Amino acid sequence: MEFKELDNQKHDDWMLLALEEAKKAEKLAEVPIGAIVVLNNEIIGKGYNLRETTQDATTHAEMIAIREACQKVGSWRLEEARLYVTLEPCPMCSGAMILSRIKEVYFGAYDPKGGVAGTLMNLLEDERFNHQVHVVGGVLEKNCRQILSDFFKELRVRKKKKS
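Note that the structure is a prediction, hence the values are computed from the model and not measured. Counting restarts for each chain: residues are numbered from 1 in the order of the written sequence. Only residues with pLDDT of at least 70 are given local features in this predicted model, and only at 80 or more are side-chain atom pairs given and counted; all residues enter the totals for whole chains, interfaces and linings. To obtain the side-chain values, all non-hydrogen atoms of the structure were used and water was disregarded.

Asks: How should I be thinking about the overall build of the protein in this particular structure?
Replies: By the criteria applied, helices consist of DSSP H or I runs no shorter than four residues and strands consist of E runs no shorter than two, each listed in order from the N terminus. Scanning the protein from N- to C-terminus turns up 5 helices and 5 strands. Start at the N end of the protein and walk to the C end: the helices and strands fall as α-β-β-α-α-β-α-β-β-α. Note on method: radius of gyration uses C-alpha positions; expected globular size equals 2.2 Å times residues raised to 0.38. In terms of C-alpha radius of gyration, the protein reaches 15 Å, essentially the compact-globule figure of 15 Å for 163 residues. Taken along its principal axes, the extent of the C-alpha atoms in the protein is 50 × 30 × 30 Å. When accessible area is computed with a 1.4 Å probe and restricted to protein chains, residues below 20% of their type maximum are described as buried, those above 50% as exposed, and intermediate ones as partly exposed. Residues classed as buried in the protein amount to 48% of the 163 residues present. It only takes one pair of heavy atoms within 4.5 Å for two residues to be counted as in contact. Within the protein, contacts between residues at least 6 apart in sequence are counted, and of these 59% link residues at least 24 apart. Surface accessibility of the protein: about 8800 Å² in total, with carbon and sulfur atoms responsible for 52%. Each accessible area is a Shrake-Rupley estimate made with a 1.4 Å probe; only the visible protein chains count as cover when residues are assessed.

Asks: Just checking my understanding: could you explain the sheet that holds strand β4 (residues 104-109) for this structure?
Replies: Sheets are built from strands paired through backbone hydrogen bonds, the pairs being either parallel or antiparallel. Think of it this way: DSSP has to see at least two bridges between two strands before they count as a pair. Strands sit in the order β2-β1-β3-β4-β5 across an open sheet of 5 strands; the sheet is mixed. Strands with a single pairing partner mark the edges of an open sheet, and in this sheet they are β2 (42-48) and β5 (134-136). For this sheet, the mean angle separating the axes of adjacent strands, direction not counted, is 15°. Across 3 bridges, β4 lies against β5 in parallel orientation. Counted as the bridge partner of valine 105 is valine 135 from β5. Helix α3 (residues 61-73) contacts β1 (34-39), β2 and β3 (82-87) of the sheet and is inclined by roughly 145° relative to β2. Angles shown run from 0 to 180 degrees and are taken between the N-to-C directions of axes, each axis being a line fitted to C-alpha atoms and, for helices, limited to the stretch in contact.

Asks: Can you help me understand the pairing of β3 in this one?
Replies: For a regular strand, side chains alternate in direction, first toward one face of the sheet and then toward the other. By the criterion of burial, β3 is predominantly enclosed, with 6 of the 6 residues buried. Judged from the 4 bridges that link them, β1 and β3 form a sheet pairing that is antiparallel. In the strand pairing of β3, valine 37 is matched with leucine 83. Direction of pairing for β3 relative to β4: parallel, over a ladder of 5 bridges. Residue tyrosine 84 lies in a different strand from β4, and its bridge partner there is tyrosine 106. You can see the chain leave β3, run along helix α4 (residues 91-99) and come back into β4, and the turn it takes is right-handed. A crossover counts as right-handed when, viewed with the strands pointing away from the observer, the path leading from the first strand over the helix to the second turns clockwise.

Here's what the structure looks like:
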């Protein structure tokens, strides 16, 4: 399904499901980032940040969701899939989206320190690669930004109490 065929409400609905994944990370004291992969209007992959839990730098929400989606479809190619993620993708996750041939990515909050889907650069739509991923940023941006800012505010309070 082309991105033009979906109305904004449907994108919001998918992003709300990615936010539910982010809340799972938050319950584990992980940075609350969530992602889902959608194919033919069905979620085929879900993930949330697990870096602290696993002590594995590659366990970003998007990486977990892409891995699950590939397993579900039985292929590394996700050519017609859309990925929804609450924070602008980093270089590693953007690379995985390019390599898995994700068709479109929709993200919530912009990441001024590490986002490469338009902020620091746009890795996903760079025509030098053999595959480009269509990018739409700012989907439910306020909600996605709020869960992150609340998390870091609480983290600073906890650290201050410890010292």
